Every structure is written in C-alpha cells, then in structure tokens.
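Summary of the model geometry
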Amino acid sequence: MLAAILFTLGVIGLLVRRNIIFVLMSVEIMLNASGLAFIAAGARWAQADGQIMFLMILTMAAAEVAVGLALVLQVYHRFELLDSDRVSEMKG
C-alpha cells in the first residue's frame, strides 16, 4: 500500500512539476516505490528475488541520477533555466 502511494506521488510530481530537478526527484520516488514493492513481495513469499530486483533498481537509479544531473548542468549552462517547457520551445 505504501509503495502504491509513493508511486502515485511520483507520477503526480512528474506530471505537475516543470522544473527538471523536481522531475528527476519524482522519477527517483517512483523507482524507490517499485523497489519497496519488490522487497515487500519477496518478504511475503520468502524469496530473495525481491532483494535482487531492488539491487538492480538501486543501480539503475544511481545511473539515472548521474546522467540526469549531467543533463541538468548542460541545460542550465546553455539556456540558464531549468523549466522543461521553455527548454522544449527552444529547439532549432
């Protein structure tokens, strides 16, 4: 239940916010919620698969943070803003 609430909060944050940093934080909340669901399912059925999937999710989240923050720095240095709508209008 907690994982579903966290995932819903992440989706709402992803849809509502336009700041790139808040979007990355929302994706991070969604990844953590899915990891929590895997841990809970693994504990429920006494399997280690949930913990293994959580380690894979943590690895993917770390890579997402590294690439995401690099993109944020590049966007900020190029456009001097972090609004994803305004950046998408500046194509060309």
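Helix and strand content of the chain: four helices and zero strands. Compactness check: the chain gives a C-alpha radius of gyration of 16 Å against a globular reference of 12 Å for 92 residues, more than 25% above the reference. For the chain, with 92 residues in total, the buried portion stands at 23%. When contacts within the chain are restricted to residue pairs at least 6 apart in sequence, those whose partners lie at least 24 apart make up 49%. A total accessible area of about 6600 Å² is found for the chain, and carbon and sulfur atoms account for 70% of it. If the 6 positive side-chain charges of the chain are averaged to one point and the 7 negative ones to another, these points end up 4 Å apart.

Before going further, it helps to spend a moment on the packing of helix α2 (residues 20-44) against helix α3 (residues 49-79). Helix-helix packing: each pair is described by the crossing angle between the helix axes and the interaxial distance. Running from N to C, α2 and α3 cross one another at 175°; their axes reach a closest spacing of 9 Å. One element, α2, and the other, α3, form an angle in the roughly antiparallel class. Broken down by class, the residue content of the contact of α2 with α3 amounts to 17 nonpolar, six polar and two charged.

Moving on, we get to the environment of G50. The topology assignment puts G50 in helix α3. For G50, a relative accessible area of 5% gives the class buried. Taking the C-alpha atoms as reference points, G50 and L36, separated by 14 residues in sequence, lie 8.8 Å from one another. Excluding residues within four positions of it along the chain, G50 makes contact with F38, I39 and G42.

Looking now at the packing of aromatic side chains. Counting across every chain of the model gives zero aromatic pairs. Here R17 stacks its cationic end above the ring of F22, 4.4 Å away from the centre of that ring.

α2 packs onto helix α1 (residues 2-16) with a crossing angle of 160° between their chain directions and a minimal axis gap of 8 Å. Put simply, α1 runs roughly antiparallel to α2. For the pair α1 and α2, the crossing hand works out as left-handed. Between α1 and α2, the contacting residues are L2, A3, L6, F7, G10, V11, G13 and L14 on the first element and V23, S26, V27, I29, M30, A33, L36 and A37 on the second. In terms of residue class, the contact of α1 with α2 is built from 13 nonpolar, three polar and no charged.

With that settled, the discussion passes to the environment of I57. Mapped onto the fold, I57 is located in helix α3. Contact partners of I57, with chain neighbours within four places excluded, come to L31, S34, G35 and F38.

Conventions adopted
Residue indices begin from 1 for each chain and proceed along its sequence in written order. Thresholds applied to this predicted model are a pLDDT of at least 70 for local features of residues and 80 or more for the giving and counting of side-chain atom pairs; totals over whole chains, interfaces and linings are not thresholded and use all residues. Side-chain numbers here rest on the full set of heavy atoms in the structure, without hydrogens or water. Helical segments are the DSSP runs of H or I of at least four residues, strand segments are the runs of E of at least two, and each set is numbered from the N terminus. Atoms considered for the radius of gyration are the C-alpha atoms alone. The globule rule reads 2.2 Å times the number of residues to the power 0.38. For each residue, the accessible area found with a 1.4 Å probe, counting protein chains only, is set against the maximum for its type, and the residue is called buried under 20%, exposed over 50%, and partly exposed in between. Contacts: residue pairs with any heavy atoms within 4.5 Å of one another. Under the convention used here, a 1.4 Å probe and the Shrake-Rupley method define accessible areas, while residue burial counts only the protein chains that appear. We score Asp and Glu as negative and Lys and Arg as positive, and we do not count His or the chain ends. Positions of charges follow a simple convention, taking NZ of Lys, CZ of Arg, CG of Asp or CD of Glu. Think of each axis as a best-fit line through the C-alpha atoms, taken over the contacting stretch in the case of a helix, with angles from 0 to 180 degrees between the N-to-C directions. With respect to orientation, any angle under 35 degrees is reported as roughly parallel, any angle over 145 as roughly antiparallel, any angle of 65 to 115 as roughly perpendicular, and every other angle as oblique. Residue polarity follows a fixed list, in which Ala, Val, Leu, Ile, Met, Phe, Trp, Tyr, Cys and Pro are nonpolar, Asp, Glu, Lys and Arg are charged, and the others, Gly among them, are polar. Pairing of aromatic side chains here covers Phe, Tyr and the six-membered ring of Trp, requires ring centres within 6.5 Å, and sorts the geometry by plane angle: under 30 degrees stacked, over 60 edge-to-face, intermediate tilted. Distance and angle both matter: a charge sits over a ring if NZ of Lys or CZ of Arg is within 6 Å of the ring centre and within 35 degrees of the ring normal. By definition, turning the near helix anticlockwise from the far helix through less than a right angle yields a left-handed crossing, and turning it clockwise yields a right-handed one.

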